[in-house]
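# What the coordinates show
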Amino acid sequence: MSEYRLAEKPAMEVLAALGYLPLAPEAALAMRVEENRVILKPVLIAALQALNGIGAGDAEAVYNDLATLSDNEEWQRKLRGGYSRRLSGENRDRPIALIDFKTPGNNTFHVVRQLRVAAQRPRIPDIVLFVNGIPLVVIEAKSPLKGTATGDEAFEQIKQYERDIPRLFYPNAYNILTDGMRTEYGATGSPSQFYAPWPDAWPRDRADFPNPLAKDLWCLCEPSRLLDLLAHFIVFEIDPETGRKIKKVCRYQQFRAVNKAVQRVAAGEHRKGLIWHTQGSGKSLTMVFLALKLKTHLTLDAPTLANPNILVLTDRIDLDDQISKTFVACGLPNPAQCGSVAALRDAVNRGGNGQILLSTIFKFAGSKVPIPNSAGWIVLVDECHRTQEKDLGAFLQATLPDAHFYGFTGTPIKSTDKDTYARFSVAGEGYLDKYGIDDAVRDGATVPILYEGRKADWSINEAEIDILFDRWFVDLPDDKREDLKRKGLTLATIAKHPERIRLIAYDIWEHFKAVCQPDGFKAQIVVVDREAIVLYRAALSGVIAADLVKGGMDAEAAQEQADAMIACVFSKSQEDNKPSENAEVQALRTALEAEYLDAEGEKDAKKRFKAYGQEPSFLIVCDKLLTGFDAPIEHVMYLDKPLKEHNLLQAIARTNRTCSIKLPDGGEIAKPNGRIVDYIGVTNHLDEALKSYRADDVANALRDIAVLRNDLKEAHARYRAQKRAMRLEGMDEKAAAYAAAGIAAEGREDEWFDLQRLTRIFIKVYADLSPDSAILAFTAEVKWAAAFLRLATQAIAKDESLDHRSYSGKIRDMLEEHVHVTGLSTTIRLRNITDPNFADDFATDDKSEAELQEAFVRKSAELRRVTRELVDKNPAQYGRFSERVLEIIRRFEQGQVAAADGLADFEGLTGDIQAEQGAHADLGMDENAFSILRIMETIAPDTDHETLQAAAIAIGAVYSGAAATQPAFAHMEAYLRSLRQQVRRILTEHDIGETKAIREKVEEFAIHAYGAGA
């Protein structure tokens, strides 16, 4: 009941206060006509008639159209006004509005609790929001006792609904997870890492709301905001690498910035604005959402928005850059690329108003003749500070003198850059919208960037180059030293000292082994020039190979592996393939030619670098890949090149992308931070390197790793204080876990929530700092805390805590060893059903009540995991077992069964699962074909069993053959269609009805079972 009391009921109360009409499940079912339908028919019929002035017969026909619509993107298009139909008595199609976006009060908003949807596996979502009878938002409420709202159970529940009752999600805008205290949302079909909170209640303040839940649901569900989000802030983007379509919903800073700019355009005020959204936070999509709202403006009327022209300018000569790709991939209305100002003029003259054009700022160089009627143009400029270079801003202003100008930047604008502020910012305003470095880190949109200076003796002070040269090159012959001096001493001369590079290469490898390698993250090495690239590559390859040989690897294999771990990315020079009589020059040119990657080779190396478990692990660069290269798996940048201002901020931001790596054991490792390891001395003079910026804009662009040491002390102190307050000090892990369970059962849940949160923070900060020596004083406490957290989660939630599998590889083994040494392994280990010792708990004789309780808790967690994994494979086959586990736990928690009786029930359930797992062998079928049989049995229960079996074997052969010949078939839509036709033919030949339902469910299973390796 804690779920209803603490999360579901408060959410319903907030939604009712927002204007949603509560509808009882029985009343909703009557309106849905049948339990497997999801639209409230009479509500939709009434809305269609009221909004469009049509008769009941036409409204019924529209309902029938929509009831069969099964594509989320097509639903989105129709909801936004892209639906037309020929009405009775008319001779042409007419637009049909499903929602009145401009006047929210003209729509009907309902909220239904516990909406049961019939399907192969019926499901009952906690809360569903309807607009005009159309289900647009699904809310899953979970007890905070189970962990955070995005804990496994809540998110998996949503994924289960999406899989088992897809009809509910065809028109879905987004989903919400809440535990009453923390709320997160995500687009239909999104993985868990893309669910996020909405912390800013702009244009209101947090203080306007009585609690976080009221604020969060207002932000996401208040009727006018929901309609705005639906109308302008959802896109479907094609991933250029995989070809998959990904649904994306805006983040709060995108919603805020877009609406500020649109309000300004609508009001006809100022005609400009400056928007800083830090790198990695979705700036490209912000521009897409702004263009979409300016173009369609479904929720507001304004003469200035009647039919605007939108010009999107990028800062690179190559039009095929990130912004252009994003606009095209998101399917924005009529985006067209203009390669010149002349082409822009032609497009305007030819097409009139209402266009979206993409071009580059460089195309405006030399342009002075104004385009007529430029007041109707809205110009969105990416990396707008670049417009001030080479008078490009002046040429742009001359060409479009009366246009609106909105500048976007991923880095802060220098305080000294008066031209950019003058061009894009209103006097005294600074930024129209700012989403800075600290904001992104706080929200988890990016990770913080830590720096550490290494090898201080080898850092380089440019002011002391002469002194350093004499010190470091003292062993060179006099003629060689004089020759180098004649060519002019530069920082690069010092930086490329062979001994310096050898020592740094060794340090890089030792650091990488400790920080990156245990978790599969990767690194970039930034060096002074192209020669340094090949020097570093040779030195690092040698260091790695020597270390591998030391570990027992054959020398040849070691060198081959070391070479595979490194790729060099640099631009070619016309001099590279010229012969030279100078042996050193010739050797350098030969090395550069050997390491150079052409366009295809570079593309392949970058793709493999981004992939977990593939080589290379290192990219060595000097100029390329310091901007615009997004590789979330990059954890560390080894910096041996002096960088300043924008160059420094853009380069280090390569490490700030969030990244979660799924491990083979099912665990997941999140990248805790980005790291900059500084060998050149930039961070010794960080204030100087960033002195052109306002201090508060770059205050935390780079954080000294020493900050984490203080964070660890603070996190430990808070965790210990809460532990003492709950009187758990001095107990062993098991006793403390069961004491915490008792505290939660007494209604003091808040105390457990606080300890759970503080313990997780303490362990995380410890792991983030590892392998720094500062962690050693806290190691014993971390071991205790991690074991306690796992046990307590099992005891309180009767579920597996995945924390142990989300810990960094740097500490995971240490914690597992602690569990074993302390004898907690039998208490804490979650065994699989195939483990010979799995049945030990079922022997209840001679066990105390405490031991029986412990065994029941362990079995609850083990069987929840087992059935969860089986249901993922095939819900039709194993869904009933998962429900039985939850029912046994519920009865135990409500005191209806004792621990011993619950264990007996679990024993019977285990036998049934094992029988089901072996049933395919009894029928002479392979496991996948048998799973297909189970799906067919559920949908066509009246069909002869032998007929179903024969058809299942044939269908299994179809998908098995597809997996053998086309391993990536799951991502090939045309090929999937041909497989569906083959399955339909098999079903028809065997005279099996319900072919559509069977094909859909079988394909869903087959993609998982046969296409998992794709």
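Everything quoted here is computed from the prediction, not taken from an experiment.

A word on the packing of helix H7 (residues 212-221) against helix H8 (residues 223-232). Relative to each other, H7 and H8 sit at 50 degrees, their axes nearing to 6 Å. When the axes of H7 and H8 are compared, the pair comes out oblique. Residues Trp-218, Cys-219, Leu-220 and Cys-221 of H7 touch H8, and the partners they reach there are Pro-223, Arg-225, Leu-226 and Leu-229. When its residues are assigned to classes, the contact of H7 with H8 shows seven nonpolar, no polar and one charged.

This part covers the nonpolar core. In summary, soluble globular proteins display a tendency toward joint burial of nonpolar side chains. Counting residues in each nonpolar core, the largest one holds 115 residues, and the members touching the most others are Leu-15, Leu-98 and Leu-380. Sorting elements by how many residues they give to this core places helix H10 (residues 283-296) first, with eight residues. Excluding residues within four positions of it along the chain, Leu-98 makes contact with Leu-48, Leu-51, Val-62, Leu-66, Trp-75, Lys-78, Leu-79, Tyr-83, Asn-132 and Ile-134.

On to the sheet that holds strand S15 (residues 377-381). Strand order in the open sheet formed by seven strands is S13-S14-S12-S15-S16-S11-S17, with parallel pairing between adjacent strands. Unpaired on one side and paired on the other, strand S13 (335-337) and strand S17 (433-435) mark the two borders of the sheet. In this sheet, neighbouring strand axes are inclined to one another by 20 degrees on average, regardless of whether the strands run parallel or antiparallel. Sheet topology note: the strand S11 (residues 272-277)/S17 ladder contains three bridges and is parallel. Note on S17: the bridge partner recorded for Ile-275 is Asp-433. Across the sheet, helix H9 (residues 252-267) touches S11, S15, strand S16 (404-409) and S17, and the angle it forms with S17 is around 170 degrees.

Counting across every chain of the model gives 69 salt bridges. Note that Lys-764 is salt-bridged to Asp-768, the shortest N-O span being 2.8 Å. With Lys-764 and Asp-768 both in helix H28 (residues 749-769), this residue pair falls four residues apart, about one helical turn. Taking the relative accessible area as the measure of exposure, Asp-768 reaches 10% and is therefore buried. Sharing partners across several salt bridges, the network here consists of Lys-734, Asp-841, Glu-854, Arg-858, Lys-859 and Glu-862.

A cis amide bond links Glu-615 to the next residue, Pro-616, at an omega of 15 degrees. Residue position: Pro-616 is located in the loop between helix H23 (599-610) and strand S21 (618-621). A positive phi angle is found at Arg-271, which is not glycine, with a value near 65 degrees. The class of Arg-271 is partly exposed, set by a relative accessible area of 28%. Here Glu-645, not a glycine, exhibits a phi torsion of approximately 50 degrees, which is positive. Checked against the element boundaries, Glu-645 lands in helix H24 (residues 645-652).

So, on to the sheet that holds strand S4 (residues 109-113). Read from one edge of the open sheet, six strands run S1-S4-S5-S6-S7-S8, paired in mixed fashion. Since the sheet does not close on itself, it has two edges, and those belong to strand S1 (21-23) and strand S8 (183-187), each with one partner. Averaged over all pairs of adjacent strands, the angle between their axes in this sheet comes to 25 degrees, without regard to strand direction. The pairing of strand S6 (residues 134-141) with strand S7 (residues 174-178) spans five bridges and is parallel.

This part takes up the pairing of strand S14 (residues 356-360). Among the five residues that make up S14, five are buried, leaving the element largely enclosed by the rest of the structure. The two faces of S14 match: Ile-356, Leu-358 and Thr-360 on one face and Leu-357 and Ser-359 on the other face are all buried. When strand S12 (residues 309-314) meets S14, the two strands line up parallel, connected through five bridges. From the neighbouring strand, Leu-311 faces S14, where its bridge partner is Leu-357. In this sheet, S14 lies alongside S13 in parallel orientation, the contact comprising three bridges. Within S14, the position partnered with Gln-337 by the bridge is Leu-358.

Attention shifts here to H8. Across the 10 residues of H8, nine count as buried, placing the element largely inside the fold. Within H8, the full set of buried residues consists of Pro-223, Arg-225, Leu-226, Leu-227, Asp-228, Leu-229, Leu-230, Ala-231 and His-232.

Now for the side chain of Asp-126. With respect to the helices and strands, the residue Asp-126 is situated in the loop between S4 and strand S5 (127-131). Lys-142 is the oppositely charged side chain nearest to the buried, salt-bridge-free Asp-126, at an N-O distance of 5.1 Å. A distance of 2.9 Å separates a polar atom in the side chain of Asp-126 from the backbone nitrogen of Ala-141. Setting aside chain neighbours within four positions, we find Asp-126 in contact with Glu-3, Glu-8, Val-112, Arg-113, Gln-114, Ile-139, Glu-140, Ala-141 and Tyr-161.

What follows deals with the packing of H28 against helix H31 (residues 809-821). Put simply, H28 and H31 touch, their axes get as near as 8 Å, and they point 120 degrees apart. With respect to H31, the axis of H28 lies oblique. Taken together, the residues of H31 that come into contact with H28 (itself represented by Ile-763, Tyr-766 and Ala-767) are Lys-810, Ile-811 and Met-814. Its residues assigned to classes, the contact of H28 with H31 shows five nonpolar, no polar and one charged.

For the coordinates displayed, the defined rule picks out three cavities of 30 Å³ or more. Approximately 150 Å³ is the volume attributed to the largest cavity. Lining the largest cavity are 18 residues, and of these Thr-278, Ile-437, Ile-449, Ala-653 and Asn-656 sit closest to its centre. Among the elements of the structure, helix H15 (437-443) and H24 are those that each provide at least two residues to the lining of the largest cavity. Here the residues of the lining of the largest cavity sort into 11 nonpolar, seven polar and no charged.

Here Ser-860 lies in helix H33 (residues 849-873). Judged by its relative accessible area of 0%, Ser-860 is buried. Those residues in contact with Ser-860, other than ones at most four positions away along the chain, are Lys-798, Val-885, Ile-889 and Phe-906.

On to the environment of Arg-880. Topologically, Arg-880 is positioned in helix H34 (residues 875-893). Look at Arg-880 and you get partly exposed, because its relative accessible area is 37%. Sequence spacing of Arg-880 and Thr-867 is 13 residues, and the spatial spacing of their C-alpha atoms is 9.2 Å. Among the polar contacts listed, one links the side chain of Arg-880 to the side chain of Glu-916, at a separation of 3.5 Å.

Each value, and the rule that gives it
- Once a new chain begins, its residue numbering starts again from 1 and follows that chain's sequence as written.
- For this predicted model, a pLDDT threshold of at least 70 governs which residues receive local features, and a threshold of 80 or more governs which side-chain atom pairs are given and counted, while totals over whole chains, interfaces and linings are taken from all residues.
- Side-chain measures were taken over the full set of non-hydrogen atoms in the model, leaving aside hydrogen atoms and water.
- A fitted line through C-alpha atoms represents every axis, and for helices the fit uses only the stretch in contact; the resulting angles, taken between N-to-C directions, go from 0 to 180 degrees.
- Every helix listed is a DSSP run of H or I at least four residues long, and every strand listed is a run of E at least two residues long, numbered separately from the N terminus.
- Oblique is the label for any angle not under 35 degrees, not over 145, and not in the 65 to 115 range, which are roughly parallel, roughly antiparallel and roughly perpendicular in turn.
- Here a residue-residue contact requires only that any non-hydrogen atoms of the pair lie within 4.5 Å.
- Three classes are used, and their members are as follows: Ala, Val, Leu, Ile, Met, Phe, Trp, Tyr, Cys and Pro are nonpolar, Asp, Glu, Lys and Arg are charged, and the others, Gly among them, are polar.
- Among the buried residues, those of types Ala, Val, Leu, Ile, Met, Phe, Trp, Tyr and Cys that are joined through side-chain atoms within 4.5 Å form a nonpolar core.
- For every residue, the accessible area obtained with a 1.4 Å probe (protein chains only) is divided by the maximum for its type, and the residue is called buried under 20%, exposed over 50%, and partly exposed between those limits.
- Two strands form a pair only when DSSP identifies at least two bridges running between them.
- Basic side-chain nitrogens of Lys or Arg form a salt bridge, by our definition, when they fall within 4 Å of a carboxyl oxygen of Asp or Glu.
- Charge assignment: positive for Lys and Arg, negative for Asp and Glu; neither His nor the chain ends contribute.
- In the analysis that follows, any N or O atom pair within 3.5 Å is treated as a polar contact, provided that within protein one partner can donate a hydrogen and the other can accept it, and provided that, for residues neighboring in sequence, both atoms belong to side chains.
- A cavity here means a set of points on a 1 Å grid, drawn over the protein atoms and nothing else, where a 1.4 Å probe fits but cannot get out; a pocket is an open set with protein on both sides within 12 Å along at least five of seven lines, and a residue lines either one if it has an atom within 4 Å of a point.
- Grid points are joined across faces, edges and corners, and a volume is the space filled by probe spheres set on the points.

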